[in-house]
Amino acid sequence: MLGALLSVLAVVAVETPTAAAYSREGLPVESLDVPSPSMGRNIRVEFQGGGPHSVYLLDGLRAQDDENGWDINTPAFEWFYQSGISVVMPVGGQSSFYSDWYQPATGSAGTLTYKWETFLTQELPGWLAANKGQTPTGNAVVGLSMSGSAALTLAIWHPTQFIFAGSL
């Protein structure tokens, strides 16, 4: 009996899936620096072209300034590769809830103006249409953690831009 249990545990241990971060090397992922007049700086956006419609993947509360958390912690670009859907991952926005703030935020990174709703619904779609052939309507937005509510709110207030919203 003990031998059978140990052999089952050995098989389970061998076949247990592992978590994978980042998509595989060689995917056509670009790092774009998109001007944001409303925030007074360029915003990094990770982008993978795949078709005229996009899924916007918004980061969590601890968003970093180097890469989007979806890219760091998941193979999201791999999931959508050759699906006919482009992937748009804004970088940054830590603790911003991807909203337009009334006043600049002061923190360890200095003082920043947060106008994320303006960026995501006006500046970025216009830039992507002009430079990457993306349509500004009929897209999806998915947020995790702090951006889950932001994704739903963006779709409510901008229903032609985001016809699908997901909150994780």
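As the structure is a computational prediction, the values presented were derived from the model and not from experiment. (Residues numbered from 1 in each chain as written. Predicted model: local features only at pLDDT ≥ 70, side-chain atom pairs only at ≥ 80, totals over all residues. Heavy atoms only, no water.)

Visitor: I'm lost on the confidence of the model for the protein in this one. Help?
Guide: Predicted coordinates in areas of low pLDDT are best not read in detail. Of the residues in the protein, 87% have a pLDDT of 70 or more, and the chain-wide mean is 88. Below pLDDT 50 for its whole length, residues 4-19 participates in 0 contacts with residues either more than four positions away or in separate chains. (pLDDT = per-residue confidence, 0-100. Contact = heavy atoms within 4.5 Å.)

Visitor: Sorry, what's going on with the sheet that holds strand S1 (residues 29-36) here?
Guide: Sheets are built from strands that pair by backbone hydrogen bonding, the pairs being arranged parallel or antiparallel. As summarised here, the arrangement of the 6 strands in space is S1-S2-S4-S3-S7-S8, forming an open sheet in which the pairing is mixed. On the outer flanks of this sheet lie S1 and strand S8 (162-167), each paired with one strand and no other. Going from strand to strand, the sheet's axes swing by 25 degrees on average, the running direction of each strand aside. Bridge count between strand S7 (residues 139-143) and S8: 5 bridges; the pairing is parallel. Along S8, the bridge assignment pairs Val142 with Gly166. Across the sheet, helix H4 (residues 116-132) is in contact with S1, strand S2 (41-48), strand S3 (54-58), strand S4 (86-90) and S8; its angle to S1 comes to roughly 120 degrees. Relative to S8, helix H5 (residues 146-157) is tilted by about 160 degrees, and along the sheet it contacts S3, S7 and S8. (Pairing = 2+ DSSP bridges. Helix = DSSP H or I, 4+ residues; strand = E, 2+ residues; numbered from the N terminus. Axes fitted to C-alpha atoms, helices over the stretch in contact; angles between N-to-C directions.)

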